[in-house]
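# Structural overview for review
Listed here are the chains, written in short residue letters.
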Amino acid sequence: LRLLNAYLAGVADCDETYNYWEAVCVLAAPHPVRRPLQTWEYAPEFALRSWAYVLPYSTIARFVGDGAFLAVRLCCVALPFALAEASLERGAHA
């Protein structure tokens, strides 16, 4: 159910999603001339967000290519939550 929801549902919080996604694209961009712009939250002057959070996502995005958004959403967000929920469900009924 979690994986299906991640695949079919729209973006619930576009501000947070695209602020993080832009940073993923900055790290995953293979060509420095066509790199996306860095958002101000990650700029050294402000440093409100850590690059460490988006680094694993950018690694996956670099290997996947065009379907990176969906791959990151399914593999890095929905799958771990689905596995955790299944584990908790098994523990609750044991």
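Below or above, wherever it landed, is the structure these notes cover. It should be emphasised that the depicted structure is a prediction, and the values quoted were computed from it without experimental measurement.

### What about the overall build of the protein?
Across its full length, the protein holds 4 helices and 0 strands. Starting at the N terminus and walking to the C terminus, you meet the elements of the protein as α-α-α-α. Radius of gyration (C-alpha) of the protein: 16 Å, far over the 12 Å computed for a compact globule of 94 residues. Along the first, second and third principal axes, the C-alpha atoms of the protein reach 55 × 30 × 20 Å. Taking the contacts inside the protein whose residues are at least 6 apart along the sequence as the reference set, 53% of them involve residues at least 24 apart. Put simply, the protein has 7 plus and 9 minus side-chain charges, and the middle of one group is 8 Å from the middle of the other.

### Brief notes about unusual backbone geometry
Peptide bonds are, in most cases, trans, and in most cases residues other than glycine have a negative phi. At Ala47, a position not held by glycine, the phi torsion is positive, near 45°. Mapped onto the elements of the fold, Ala47 is located in the loop between helix 2 (14-28) and helix 3 (51-64).

### Re helix 4 (residues 68-92)
The end-to-end C-alpha separation of helix 4 is 35 Å, in line with the 36 Å expected for 25 residues at 1.5 Å each. Looking at helix 4, one finds that the buried residues are Ala68, Ala71, Val72, Arg73, Cys76 and Ala78.

### Remarks on the side chain of Glu41
Along the chain, Glu41 falls in the loop between helix 2 and helix 3. You can call Glu41 buried: its relative accessible area is 7%. In this view, Glu41 contacts Asn19, Ala47, Leu48 and Arg49; residues no more than four positions away in its chain are not counted.

### Quick notes on the pattern of salt bridges
Counting across every chain of the model gives 1 salt bridge. Between Glu41 and Arg49 there is a salt bridge; the shortest N-O distance is 3.8 Å. In this structure, Glu41 and Arg49 share a single accessibility class: buried.

### Looking at the environment of Pro36
Note on placement: Pro36 falls in the loop between helix 2 and helix 3. Of the residues examined, Pro36 reaches a relative accessible area of 27% and is grouped as partly exposed. Sequence separation between Pro36 and Ser50 is 14 residues, and the spatial gap between their C-alpha atoms is 18 Å. Excluding residues that lie within four positions of it along the chain, Pro36 makes contacts with Glu22, Cys25, Val26 and Ala29.

Calculation notes
Residues numbered from 1 in each chain as written. Predicted model: local features only at pLDDT ≥ 70, side-chain atom pairs only at ≥ 80, totals over all residues. Heavy atoms only, no water. Helix = DSSP H or I, 4+ residues; strand = E, 2+ residues; numbered from the N terminus. Rg over C-alpha atoms; globule rule 2.2 N^0.38 Å. Contact = heavy atoms within 4.5 Å. Lys, Arg positive; Asp, Glu negative; His and termini not counted. Charge placed at Lys NZ, Arg CZ, Asp CG, Glu CD. Expected span 1.5 Å × (residues − 1). Buried < 20%, exposed > 50% of the residue type's maximum accessible area, 1.4 Å probe, protein only. Salt bridge = Lys/Arg side-chain N within 4 Å of Asp/Glu carboxyl O.

That is the geometry; function is a separate question.
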